[in-house]
Amino acid sequence: MLDLKICPDCGDRAEHPIVEGECLVCARCGHRWAFRRLPLLALTGPSGAGKSTVGPLLPRRLAGRAVVLEQDVLWTAGLRDSRDGAPAFRSAWLRMAAMIGQNGRPVVLCGTVVPEELETRPERVFFSNVHYLALVADPVALERRLRARPAWREWDEPRIAETLEFNTWLRASATTMCPPVDVLDTTSGPVDIVADRVAAWVRARLT
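Residues numbered from 1 in each chain as written. Predicted model: local features only at pLDDT ≥ 70, side-chain atom pairs only at ≥ 80, totals over all residues. Heavy atoms only, no water.

**Looking at the sheet that holds strand β8 (residues 182–185)**
Strands sit in the order β5-β6-β4-β7-β8 across an open sheet of 5 strands; the sheet is parallel. Both outer strands of the open sheet, β5 (67–70) and β8, are each paired with one neighbouring strand and no more. Here the average twist between neighbouring strands, direction ignored, is 20 degrees. Relative to strand β6 (residues 107–110), β5 is paired through 4 bridges, and the arrangement is parallel. Paired with V68 across the two strands is V108, which belongs to β6. (Pairing = 2+ DSSP bridges. Helix = DSSP H or I, 4+ residues; strand = E, 2+ residues; numbered from the N terminus. Axes fitted to C-alpha atoms, helices over the stretch in contact; angles between N-to-C directions.)

Set out below in structure tokens:
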């Protein structure tokens, strides 16, 4: 599938894509072409809250409705942007999700992200809406999960403290973000039930 930033007529590449209704418009030659402007669903939250556990359970629950992808698979050297919000990384994922969406299925993107990191990117125009669901947990439970992780993940004290701080901030600030972030507490309850609730959340936003 052609990168939506590239005009199929003249080949120009738009740094700031122009969308009018359900069409992309080339700023250089004026060519217009139709595309699918689907929603994007972001399953976010701090490390340890359950994204990597719930994510693999979603494809079967959402079969035929959405494509579930893990964000960190593209966290490679070329996209490890040290600037706030990792804009190159976010832009790459928005472009990838939009191209996948041209096949008719929206993307559920699993990985830590907050609205300001996606909503400000030029590629945001490729989506009708971006919906956010944050998995969070009680601080004691979250710390216990992080400390139980294998050594290769390198969870030292500063990283644990930073994650717990982010979890607390997210729980307190989710509803005030733009757009608001829905929150699902994963402290207790079987993982299958959490996966069912996440899948139901996705389906409700695709109706």
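Moving on, there is more to tell.
**Looking at empty space enclosed by the protein**
For the coordinates displayed, the defined rule picks out 1 cavity of 30 Å³ or more. Considering the residues around the largest cavity, the lining is formed by R36, L38, P39, A97, A98, G101, Q102, P106, V107, F126 and F127. When residues of the lining of the largest cavity are assigned to their parent elements, the largest contribution, 3 residues, is made by helix α3 (residues 87–101). Broken down by class, the residue content of the lining of the largest cavity amounts to 8 nonpolar, 2 polar and 1 charged. (1 Å grid on protein atoms, 1.4 Å probe; cavity = no way out; pocket = protein on both sides within 12 Å on 5 of 7 lines; lining within 4 Å. Points joined across faces, edges and corners; volume = space filled by probe spheres on them. Nonpolar A, V, L, I, M, F, W, Y, C, P; charged D, E, K, R; others polar.)

**Let's talk about the packing of helix α5 (residues 139–147) against helix α6 (residues 157–173)**
As a packed pair, α5 and α6 sit with axes 10 Å apart at the nearest point and diverge in direction by 145 degrees. Seen from above, α5 lies across α6 with right-handed handedness. Within the contact between the two elements, α5 uses P139, L142, E143, L146 and R147 and α6 uses E157, I160, T163, L164 and N167. A per-class count over the contact of α5 with α6 returns 5 nonpolar, 2 polar and 3 charged. (Left-handed = near helix turned anticlockwise from the far one by under 90°. Contact = heavy atoms within 4.5 Å.)

**Quick word on the sheet that holds strand β2 (residues 23–25)**
Taken in spatial order, the 3 strands make up an open sheet running β1-β2-β3, and their pairing is antiparallel. Lying at the two open borders of the sheet, with one neighbouring strand each, are β1 (18–20) and β3 (32–34). Strand-to-strand, the axes of this sheet are offset by a mean angle of 35 degrees, without reference to chain direction.

**A word on the pairing of strand β7 (residues 130–136)**
Judged by how many residues are buried, β7 sits mostly within the fold: 6 of 7 residues are covered. Here strand β4 (residues 40–44) runs beside β7; their pairing, made up of 5 bridges, is parallel. Bridge pairing links T44 to A134 in β7. Of the pairings in the sheet, the one linking β7 to β8 comprises 4 bridges and is parallel in character. By the bridge assignment, L135 is partnered in β8 with L184. (Buried < 20%, exposed > 50% of the residue type's maximum accessible area, 1.4 Å probe, protein only.)

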